[in-house]
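The chain contents come next:
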Amino acid sequence: MRSKDKREQMVKKLAVIGKDVSKSTSPQMHGFIAKKLNLEVSYEKISIPEAEFETRIESLLNGYDGLNVTIPYKLSVIPHLKKTEGDAKVFGAVNTVNCKSLYGYNTDGLGFALMLKNNGVEVNGKTALLLGAGGAGRSVAKKLLDGGAKVFVYDRTAESALNLEKEFNGVTALSQIENTAYDIIINATGVGMHKTEGLSPVGEELLKLCGVAVDLIYCPAKSKFLQIAEGLGKKIINGKAMLFYQAYYADCIFFGLTPDEAQAKQLFNEFSKEEI
């Protein structure tokens, strides 16, 4: 039996960790991907209060083969790792951890870029307003820059936006949001889900000036932000595809597989049909 076959038959113990992952669809997505690729996984959701993160993270790293990391731990997990690789090193944020090597990766940017590509959104030469300069926001900013966009970022913590401006050439930090026309507006904050469901980080006055509204939130499927944009006749994209694609890239890391964009797109289309 080839070594790859042996690897594929191993059951990987995986989990997603975050402050509140009670509504996460990661188990369904990773389970679907694993089934289609003939991989074996067990997948859990682990919500961790911020006050408990430092006391619990080591046992989680020791107890699992791989972790997916979400809000608000994409930065705070890094000191517990041996090394960051690829995009994680560039973004300064980790969303995927190989617990055996203690290497951290970031597949958010890859997932975001593929989501835009598969939705026919071209960013080259476009202006983008990014709301939120946290872990996901940093990934989004870099991928937009790589694609040739001019990026403006606002974060309620001004220092976060300014740090992003310093890190990435081509990013402009905004001290306040004004009603200016942008080709793309991306919500990379948590506003619109959980306790803030029904709220939008920006209003109709700004959204009517934009071309495309992208919300990294995927639950609810149409946040208030996207509802407003859709009502104005704008193209809207929620974060479900990004989440699926970053999960696909993460599974490739966990199992040592070579990613394939066409395969990822086909898997997402199949997943979406099965969910209906």
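Our structure is the block above this text.
Residues numbered from 1 in each chain as written. Predicted model: local features only at pLDDT ≥ 70, side-chain atom pairs only at ≥ 80, totals over all residues. Heavy atoms only, no water.

### Regarding the packing of helix α5 (residues 108-118) against helix α10 (residues 240-255)
Thought 1: The geometry of α5 relative to α10 is characterised by a closest axis approach of 7 Å and an angle of 130° between their N-to-C directions. It follows that α5 is oblique to α10 by the angle criterion. Seen from above, α5 lies across α10 with right-handed handedness. Listed contacts from α10 to D108, L110, G111, F112, L114, M115 and N118 of α5 are A241, M242, Y245, Q246 and Y249.
Thought 2: Here the contact of α5 with α10 is built from residues that sort into eight nonpolar, three polar and one charged. (Axes fitted to C-alpha atoms, helices over the stretch in contact; angles between N-to-C directions. Helix = DSSP H or I, 4+ residues; strand = E, 2+ residues; numbered from the N terminus. Parallel < 35°, antiparallel > 145°, perpendicular 65-115°, else oblique. Left-handed = near helix turned anticlockwise from the far one by under 90°. Contact = heavy atoms within 4.5 Å. Nonpolar A, V, L, I, M, F, W, Y, C, P; charged D, E, K, R; others polar.)

### Let's talk about the layout of surface pockets
Thought 1: Quantified by volume, the largest pocket comes out at close to 1,600 Å³.
Thought 2: As for the largest pocket, its lining consists of 50 residues, of which I71, A188, T189, G190 and M193 are closest to the centre.
Thought 3: Those elements that place two or more of their residues in the lining of the largest pocket are β3 (66-69), α6 (135-146) and α10.
Thought 4: Split by residue class, the lining of the largest pocket holds 24 nonpolar, 17 polar and nine charged. (1 Å grid on protein atoms, 1.4 Å probe; cavity = no way out; pocket = protein on both sides within 12 Å on 5 of 7 lines; lining within 4 Å. Points joined across faces, edges and corners; volume = space filled by probe spheres on them.)

### Some remarks on the packing of aromatic side chains
Aromatic ring pairs are reported here in terms of the distance separating the ring centres and the angle at which the planes meet.
Thought 1: One pass over the structure, following the stated rule, counts nine aromatic pairs.
Thought 2: Aromatic pair F244 and Y245: ring centres 6.3 Å apart, planes at 80°, arrangement edge-to-face. Take F244 and Y245: they sit in the same class, and that class is buried.
Thought 3: A connected cluster of aromatic rings, assembled from ring pairs, spans F32, F244, Y245, F268 and F271.
Thought 4: Sitting over the face of the ring of F255, K12 holds its NZ or CZ atom 5.6 Å from the ring centroid.
Thought 5: For the cation-ring pair, K13 lies above Y64, with the distance from its terminal atom to the ring centre recorded as 4.6 Å. (Phe/Tyr/Trp six-rings, centres within 6.5 Å; stacked < 30°, edge-to-face > 60°. Buried < 20%, exposed > 50% of the residue type's maximum accessible area, 1.4 Å probe, protein only. Lys NZ or Arg CZ within 6 Å of the ring centre and 35° of its normal.)

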